[in-house]
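Residue strings, one per chain:
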Amino acid sequence: MAPSRQRKVASQGNPRDDGPSKIQASDLHKHYAYLIILVILAGTISISHRTFLSTLFENDRHFSHLSSLERELSFRTEMGLYFSYFKTIIDAETFFNGVYQIMRDNITEYPSTINTLKRFNLYPEVILGLGYRIFQTTSDFFGHHTKTCWTVNRGDNLSPVQSCEGLGEPSYFYIEAVFLLNGFMMGTFFLFGTYLSGSIFGGLITVICFLFNHGEATRVMWTPPLRESFGYPLFVLQMFVVTYVLRSRKSTMEYSLLIAWSQVCFMLSWQFAQFALLTQTLAVLTLYVLQFISADIYKAFLRGQTIGLVLSYLLLFGNEMLLTSFFSCSIIAAWGLLFFEQFYKGLKYRFLVLLSQGITFIMVTLSSKFVIGKLFQLEDDAHIADIFKSKFTNFQNFHTMLYTCAKEFDFIETETIWKLSMTLLLPSALVAQIVVAFHILRAEIKGTNVVLNNKDTKAEASLAYSRHISKYDAELLYHSLQLIAFTAVAILVMRLKLFWTPHLCLFSSLLASRKVFPWLKKENHIAVLAALVACMALYGISNVKVQLGRVGEFSNIPQEELVEWINSKTDKDAVFAGAMPTMATVKLCTHRPIVNHPHYEDAGLRERTKLVYSIYSRKPLVEVKSNLDKLGVQYVILEDSWCSQRLRDGCSMPEIWDIEDVANHGKQAACLRLKKNTDSSLFKLVFKNSVYYVFRLINS
């Protein structure tokens, strides 16, 4: 009788834990074989996705047949700015000299000297620059040719150009690294979906959903140098680490350091990382408040996030935006909740506990934000609050209009919802969300969702905030909350669908989870999944064909003429101003000093750009020139489309200026007056083609 009773007690103490057992040799072999299969599949998926991205990129631009200048011209707006720093590092006499140049840069925001490694999260360019230099040095040592060059006849009375292909070509090396990283991301998604669902079918569903909705899930194949191309794959890895920690229910320092390491990689590569991590902090906080994770596990998570934040702050040379961000303030508030843990234990009603915790967190977060902001006197992220404010009120100013007039920052389009529905991704994720919620609620009602350590008893499980109590399915609830957060931000800002769509794919993997669908026979379950994938393919394959059918060839002759004129007709220290995208190209292709650029996250840069853009206002030309003189500008580049283009009501540049420049409302735009009056004593026209006008400021 004794052995029987011992088995019964063990079962009652931890109803969903099989407990330790000896693994048979055959089981161990099966385990290793399974891991090998997963690694092989992940590697195959990674290589395939890298090839797919490279094919799309080549089809779109005919990149292999472009000259070095044309390739650089194809990196428009921020892409050109980031690539210019990679170019600086590889062109420098030594690697360390190149790093020093980007840390003491007086070309990007002339005449100011700034640390661009601190401001623009340029660690990817530093690493790739070092990799390129090592690759070239090693290849030269062994006499290995790294590129092949030939002459390309462009036709249309255009001069022939030399085109080089191979990893020895800087632009090729750069984009190949980006595509490899994003290929690795797809392999990680496969492993992630497999781990989350507990089924290899879950990993395959994640990959299939991503492929069928590729155009809504990523834009790396069109814009390789953007920060998201480096940052998002590292965020996927960081979420994988957090999921592993939540499922393993370990709270040691090693797990905290694992979170910190993955977070540092993410934060060093993308300035937007702090906003994505804020949603993660809120999601895990909810797990703690709802008692799905113990205080020890929550502390391990916060410890990892805090270490990651501090290390990122130091490695970014004291980037103040990290300290003044809502992310850092939310971490302070989260630690505050742990500090007041004993107080919450004394509250009798659960409702009062939740209410007091919520109020405490919000108040500490907002007060920390206010105090730290005043302490550092920074308003770099003030435009973020203004953008969201403009979404729900009539509030408008010059800076918010520059954002909200862009399609990417508008509310999500109904077309996107339609596309995700046609591939059954949105319905699949919705079904998974409902079933997961039902699964968790059922476990809560039955009381089978509690995980106890050996020193806990069943009675102790009912005590709120025991440091040794966690619950099963915490990682499922975490991803459910994370998906809700990404859904909300994607609805508000269409560009952020690049967080939402991939997470829909990941969450859909739970449709293959036997834990979530225990009531469905295994054979029937597999049949349903096969039918689902077949239905997804009806529209998904056509999406893939549309992307593969996108064939073009990059050419921008007017901008090429502009760059060649600047290189041949202006001094190397001539200072330029103009539209943000064009300034990135001027810096990259001519290395001339510029006063404004597309990285719009700095408050000082926003004010600089506003002064430059007064050329598109209705202000008197005298005032426009005065604004440019303040910045030390010698040449200003005027683009006709910026003066007259109107994407929608109220979104032409003169109309945007009308919001703040009421005194000059109704007057003709300064850019139109300037184009007509080429003999002005203030500006002299020195270059003109079908798109660009370059004016030299005449000294008074």
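S.K.: For the overall build of the protein chain, give the residues involved together with the corresponding values.
M.R.: Broken down by element type, the protein chain carries 32 helices and 8 strands. For 700 residues, the compact-globule formula gives about 27 Å, and the C-alpha radius of gyration of the protein chain, at 28 Å, lands near that figure. By residue count, 54% of the 700 residues in the protein chain fall in the buried class. Taking contacts inside the protein chain between residues at least 6 apart in sequence as the whole, the part at least 24 apart equals 72%. Charge centroids of the protein chain, computed over 67 positive and 57 negative side chains, lie 8 Å from each other.

S.K.: A description of the pairing of strand E8 (residues 692–697) should follow, citing residues and the corresponding values.
M.R.: Across the 6 residues of E8, 5 count as buried, placing the element largely inside the fold. Of the strand pairs in this sheet, strand E6 (residues 635–639) and E8 are connected by 5 bridges, and their pairing is antiparallel. From the neighbouring strand, Ile637 faces E8, where its bridge partner is Val694. Two strands pair when backbone bridges link them, and strand E7 (residues 683–688) and E8 are joined in this way by 5 bridges, in the antiparallel orientation. Looking across to E8, one finds that Phe687 is bridged to Val694.

S.K.: Explain the pattern of salt bridges residue by residue, including any values.
M.R.: Side-chain pairing between opposite charges can occur once the charged atoms of the two side chains come close. Under the definition given, this model contains 24 salt bridges. Salt-bridge contacts for Glu228 lead to Arg219; the nearest nitrogen and oxygen are separated by 2.7 Å. Salt bridges linked by common partners bring Glu216, Glu415, Lys419 and Lys497 together as one network.

S.K.: Pulling in residues and values, what's your account of helix H14 (residues 295–315)?
M.R.: With 21 residues, H14 extends 30 Å from end C-alpha to end C-alpha; this agrees with the ideal 30 Å at 1.5 Å per step. Those residues of H14 that sit buried are Ala295, Ile297, Tyr298, Ala300, Phe301, Leu302, Gly304, Gln305, Gly308, Leu309 and Ser312. Looking one or two places after H14, you find Phe317, whose phi comes out positive at around 60°.

S.K.: I'd like a description of the packing of aromatic side chains, backed by residues and values.
M.R.: Considering all chains together, one arrives at 43 aromatic pairs under this definition. Ring centres 6.3 Å apart and planes at 45° place the aromatic pair Tyr195 and Tyr244 in the tilted group. Within this pair, whereas Tyr195 is found in helix H8 (residues 170–197), its partner Tyr244 is found in helix H11 (residues 227–248), the two being separated by 49 residues in sequence. Just above the ring of Tyr82 sits the side chain of Arg227; from NZ or CZ to the centre is 3.9 Å.

S.K.: Help me get a handle on the state of the cysteines, residues and values and all.
M.R.: Considering all chains together, one arrives at 3 disulfides under this definition. The side chain of Cys149 participates in a disulfide bridge whose partner is Cys164; the two sulfur atoms lie 2.0 Å from each other. On the sign convention where negative means left-handed, the S-S torsion of about 105° between Cys149 and Cys164 marks this disulfide as right-handed. Of the two residues, Cys149 is situated in strand E1 (residues 148–152) and Cys164 in strand E2 (residues 161–165); the sequence distance between them amounts to 15 residues. The class for Cys149 is partly exposed, based on a relative accessible area of 35%. Each sulfur of the disulfide joining Cys643 and Cys671 lies 1.8 Å from the other. Here the S-S torsion is close to 75°, and the disulfide linking Cys643 with Cys671 is therefore right-handed. Here Cys643 is found in helix H30 (residues 640–644), whereas its partner Cys671 is found in helix H32 (residues 670–676), with 28 residues between them in sequence. Cys671 carries the same exposure label as Cys643, and that label is buried.

S.K.: Run through the side chain of Ser614, naming residues and quoting values.
M.R.: Its place among the elements puts Ser614 in the loop between helix H28 (603–612) and helix H29 (621–630). Its relative accessible area of 0% is what places Ser614 among the buried residues. Within the structure, Ser614 has its side chain in polar contact with the side chain of Asn627 (distance 3.1 Å). With near-sequence residues (within four places) excluded, Ser614 lies in contact with Lys619, Val624, Asn627, Trp657 and Ala670.

S.K.: Which residues make up the side chain of Ser229, and what are the values?
M.R.: Note on placement: Ser229 falls in helix H11. Assessed through its relative accessible area of 1%, Ser229 is described here as buried. Polar side-chain contacts of Ser229 include one of 3.2 Å to the backbone oxygen of Thr223. Here Ser229 is in contact with Val178, Leu181, Asn182, Val220, Thr223 and Pro224, once residues within four sequence places are set aside.

S.K.: Mind laying out helix H13 (residues 273–289), listing which residues take part and the relevant values?
M.R.: Note that an α-helix has 3.6 residues per turn; residues three or four places apart therefore point the same way. Taking 1.5 Å of rise per residue, the 17 residues of H13 would be expected to cover 24 Å, and the 24 Å separating its terminal C-alpha atoms lies within 8% of that figure. Here H13 lies mainly inside the structure; 14 of its 17 residues are buried. Positive phi shows up at Gln291, right after H13, with a value of about 65°.

S.K.: Can you break down a nonpolar patch on the surface residue by residue, with the values?
M.R.: Taken together, Tyr349, Phe351, Leu352, Leu355, Ile359 and Met363 make up a surface patch of nonpolar side chains, about 650 Å² in accessible area. The topology assignment puts Phe351 in helix H18 (residues 350–376).

S.K.: So what's going on with the confidence of the model for the protein chain? Which residues, and what values?
M.R.: On average, residues of the protein chain score 87 in pLDDT, and 90% of them are at 70 or above. Below pLDDT 50 for its whole length, residues 1–22 participates in 13 contacts with residues either more than four positions away or in separate chains.

S.K.: Explain the sheet that holds strand E5 (residues 576–577) to me, using residue names and the numbers behind them.
M.R.: If you trace the 4 strands from one edge of the open sheet to the other, you get E5-E6-E8-E7, paired in mixed fashion. Of all strands in the sheet, those with a lone pairing partner are E5 and E7, marking the two edges. Both E5 and E6 contribute to a ladder of 2 bridges, which runs parallel. Across the sheet, the residue bridging to Ala577 is Val636, located in E6. Docked against the sheet, H29 engages E5, E6, E7 and E8, running at close to 75° with respect to E7.

S.K.: Residues and numbers for the packing of helix H4 (residues 78–91) against H8, please.
M.R.: It is the contact of H4 with H8, at a shortest axis distance of 11 Å, that shows an interaxial angle of 120°. Classified by the angle their axes make, H4 and H8 are oblique. The two elements H4 and H8 meet at a crossing, and its hand is right-handed. Between H4, through Tyr82, Phe83, Phe86 and Ile90, and H8, the contact on the second element is made entirely by Pro170, Ser171, Phe173 and Tyr174. Considered class by class, the residues forming the contact of H4 with H8 number 7 nonpolar, 1 polar and no charged.

S.K.: I'd like to hear about unusual backbone geometry, residue by residue, with values.
M.R.: A cis geometry characterises the amide bond from Tyr110 onward to Pro111, with omega recorded as 0°. With respect to the secondary-structure elements, Pro111 resides in the loop between helix H5 (95–103) and helix H6 (116–119). Unusually for a residue other than glycine, Gln291 sits at a positive phi of about 65°. Within the secondary structure layout, Gln291 lies in the loop between H13 and H14. Backbone geometry at His591 places phi at a positive 60°, although glycine is not the residue there. Looking at the secondary structure, you find His591 in the loop between helix H27 (580–590) and H28. A relative accessible area of 40% means that His591 is categorised as partly exposed.

Thresholds, definitions, all that
Residues numbered from 1 in each chain as written. Predicted model: local features only at pLDDT ≥ 70, side-chain atom pairs only at ≥ 80, totals over all residues. Heavy atoms only, no water. Helix = DSSP H or I, 4+ residues; strand = E, 2+ residues; numbered from the N terminus. Rg over C-alpha atoms; globule rule 2.2 N^0.38 Å. Buried < 20%, exposed > 50% of the residue type's maximum accessible area, 1.4 Å probe, protein only. Contact = heavy atoms within 4.5 Å. Lys, Arg positive; Asp, Glu negative; His and termini not counted. Charge placed at Lys NZ, Arg CZ, Asp CG, Glu CD. Pairing = 2+ DSSP bridges. Salt bridge = Lys/Arg side-chain N within 4 Å of Asp/Glu carboxyl O. Expected span 1.5 Å × (residues − 1). Phe/Tyr/Trp six-rings, centres within 6.5 Å; stacked < 30°, edge-to-face > 60°. Lys NZ or Arg CZ within 6 Å of the ring centre and 35° of its normal. Disulfide = S-S within 2.5 Å. Polar contact = N/O pair within 3.5 Å; in protein donor to acceptor, adjacent residues only side chain to side chain. Patch = residues over 30% accessible without salt bridge, like charges linked within 9 Å, V, L, I, M, F, W, Y side chains within 5 Å. Areas by Shrake-Rupley, 256 points an atom, 1.4 Å probe, with all protein chains shown as cover. pLDDT = per-residue confidence, 0-100. Axes fitted to C-alpha atoms, helices over the stretch in contact; angles between N-to-C directions. Parallel < 35°, antiparallel > 145°, perpendicular 65-115°, else oblique. Left-handed = near helix turned anticlockwise from the far one by under 90°. Nonpolar A, V, L, I, M, F, W, Y, C, P; charged D, E, K, R; others polar.

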